[in-house]
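Single-letter residue listing:
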Amino acid sequence: MVKNVIIFTDLDGTLLNFKTFEYKIIMPFIENLNKKGVRIIPSSSKCFLEIEHIVKEIGLKTPFIVENGSAIYIPKETISQIPTNAIDENKYWVLELGTERETINKKIRQNDFKDYMRFILFLKNMTKLQQSYYTGLKSDALSRSLDRRYSEPFIWMGNNEHLSEFKKSLNEEGLSIFSGARLKHLTGLNSKGDAMRELLAQPSFLQTMSVDSSEDITTIACGDSENDLSMLEIADYAIVLRLPGRNPLKLKRKSNFFNSIKVAPDGWKETLLELDLIKKKLDR
Ligand SMILES: [Mg+2]
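Calculation criteria
Residues numbered from 1 in each chain as written. Predicted model: local features only at pLDDT ≥ 70, side-chain atom pairs only at ≥ 80, totals over all residues. Helix = DSSP H or I, 4+ residues; strand = E, 2+ residues; numbered from the N terminus. Rg over C-alpha atoms; globule rule 2.2 N^0.38 Å. Buried ≥ 20, exposed ≤ 12 C-beta atoms within 10 Å, placed from the backbone. Contact = placed C-beta atoms within 7 Å. Pairing = 2+ DSSP bridges. Right-handed = clockwise from strand over helix to strand, strands pointing away. Axes fitted to C-alpha atoms, helices over the stretch in contact; angles between N-to-C directions. Core = buried A, V, L, I, M, F, W, Y, C linked by C-beta atoms within 7 Å. Domains from an automatic or database assignment.

**Section: the overall build of the chain**
- A count of helices and strands for the chain gives 12 helices and 13 strands.
- Relative to its length of 284 residues, the chain is compact, with a C-alpha radius of gyration of 19 Å against a globular reference of 19 Å.
- Referenced to the eigenvectors of the C-alpha coordinate spread, the extents of the chain come out at roughly 60 × 40 × 40 Å.
- Of all 284 residues assigned to the chain, the portion counted as buried reaches 40%.
- Taking as baseline every contact in the chain between residues at least 6 positions apart, the subset at least 24 positions apart corresponds to 62%.

**So, the pairing of strand β12 (residues 237–240)**
- On β12, burial covers both faces: Y237 and I239 on one face and A238 and V240 on the other are all buried.
- Judged from the four bridges that link them, strand β11 (residues 217–223) and β12 form a sheet pairing that is parallel. Within β12, the residue paired with A221 across the bridge is A238.
- One crossover worth recording links β11 to the parallel β12 by way of helix α10 (residues 229–234), and it is right-handed.
- The pairing of β12 with strand β13 (residues 257–259) spans three bridges and is parallel.

**Quick word on the sheet that holds β13**
- Across the sheet, five strands lie side by side as β2-β1-β11-β12-β13; this open sheet has parallel pairing. The sheet is open, and its two edges are formed by β2 (39–42) and β13, each paired on a single side. Sheet twist, expressed as the average angle between the axes of neighbouring strands with direction ignored, equals 20°.

**Focus: the nonpolar core**
- By size, the foremost hydrophobic cluster in this structure holds 56 residues, and its most contacted members are I7 and Y73.
- With residues near it in sequence (within four places) discarded, Y73 still touches F48, P63, F64, V66, Y92 and V94.
- Core analysis: the second largest hydrophobic core is formed by seven residues, I104, L123, L175 and L186 among them.

**Focus: the environment of I87**
- Relative to the elements of secondary structure, I87 occurs in strand β5 (residues 87–89).
- The class of I87 is exposed, set by 11 C-beta atoms lying within 10 Å.
- In the structure, I87 is positioned 197 residues away from R284 in sequence and 38 Å away in space, judged by C-alpha atoms.
- Non-local contacts of I87, meaning those with residues more than four positions away in its chain, are made with V94 and E96.

**Describing the domain arrangement of the chain**
- Structurally, the chain comprises domain 1 (4–98 + 192–283) and domain 2 (101–187).
- Each of domain 1 and domain 2 was reduced to a C-alpha centroid, and the two centroids are 24 Å apart.
- In this assembly, 20 residues from domain 1 lie in contact with 14 residues from domain 2.
- The element that contributes the greatest number of residues to the side of domain 1 that touches domain 2 is helix α2 (residues 48–58), accounting for three residues.

**Here we look at unusual backbone geometry**
- Between A264 and the following residue, P265, the backbone shows a cis peptide bond with an omega angle of 0°.
- Here P265 lies in the loop between β13 and α11 (266–272).
- With a phi close to 50°, N90 is a non-glycine residue in the positive phi region.
- Although it is not a glycine, S210 adopts a positive phi angle of roughly 55°.
- With respect to the element layout, S210 can be found in the loop between α9 (203–208) and β11.

**With respect to the sheet that holds strand β7 (residues 120–122)**
- Strand order in the open sheet made by the four strands is β7-β8-β10-β9, with antiparallel pairing throughout. Edge strands, defined here as strands with exactly one partner in the open sheet, are β7 and β9 (176–179). Each neighbouring strand pair of the sheet contributes to a mean axis angle of 40°, computed without reference to strand direction.
- Pairing of β7 with strand β8 (residues 151–156), which is carried by three bridges, proceeds in the antiparallel orientation. Note that in β8 the partner of L121 across the bridge is I155.
- Sitting on the sheet, helix α7 (residues 160–172) is in contact with β8 and β9, with an inclination near 130° to β9.

Shown next, in the form of structure tokens:
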């Protein structure tokens, strides 16, 4: 019997084309997965407004993970029991795992990080034109991307040595840096992997898949960047998407991982179709 399958997927460069954010070409495949009960759970460094927009466009009725594991949004209509420790927010139950943006900025101001500030250009301080250049986004999409709650995006202008020093002192303050495909983000100690574990530990979520334990679920993680490693290493299967002009991400795991040949979105579809369990799900 083929078990329940969940695909935890990054968006930019993984499900969406890195440059154009295009995914429509693989919509029939996504719809087919939906129809066969394969859950697709987006997990991105994008913020709530951005992911909600995409999730609605794709027509997914599943939880999603925002700002690099900082929070999990579970649509109330998909769940009958209130998740443990959830916050009530309009149409969603929210599991907060990250550090609020205000706290991040306060810590940055309070502590002696001055030496590093000269290497940082925060996205929020850039002109619209620069913001558009660094995010690849325009107008409404750009505005949505700036509405963040748990992270502060920036460009690093220093060398790698300074960056590791900075990371070390941030860790001591309960903060960290994660690198997406385009920008770096100042954030709490959250990760996509921790958020994935948290969701799979929620009995109310497991109930929606008619299982008592996450052992009864096969997980697939898809990603293209360093901030995806935490979920790629712990999922049952890992799919690494190729980014144009970059070496594919290196994983520590030795089995059940696949590198895409094509880039997103085609690479997402084609690599998933290499997995027997996906083929079986779709054949039924
Ligand atoms: Mg990505």
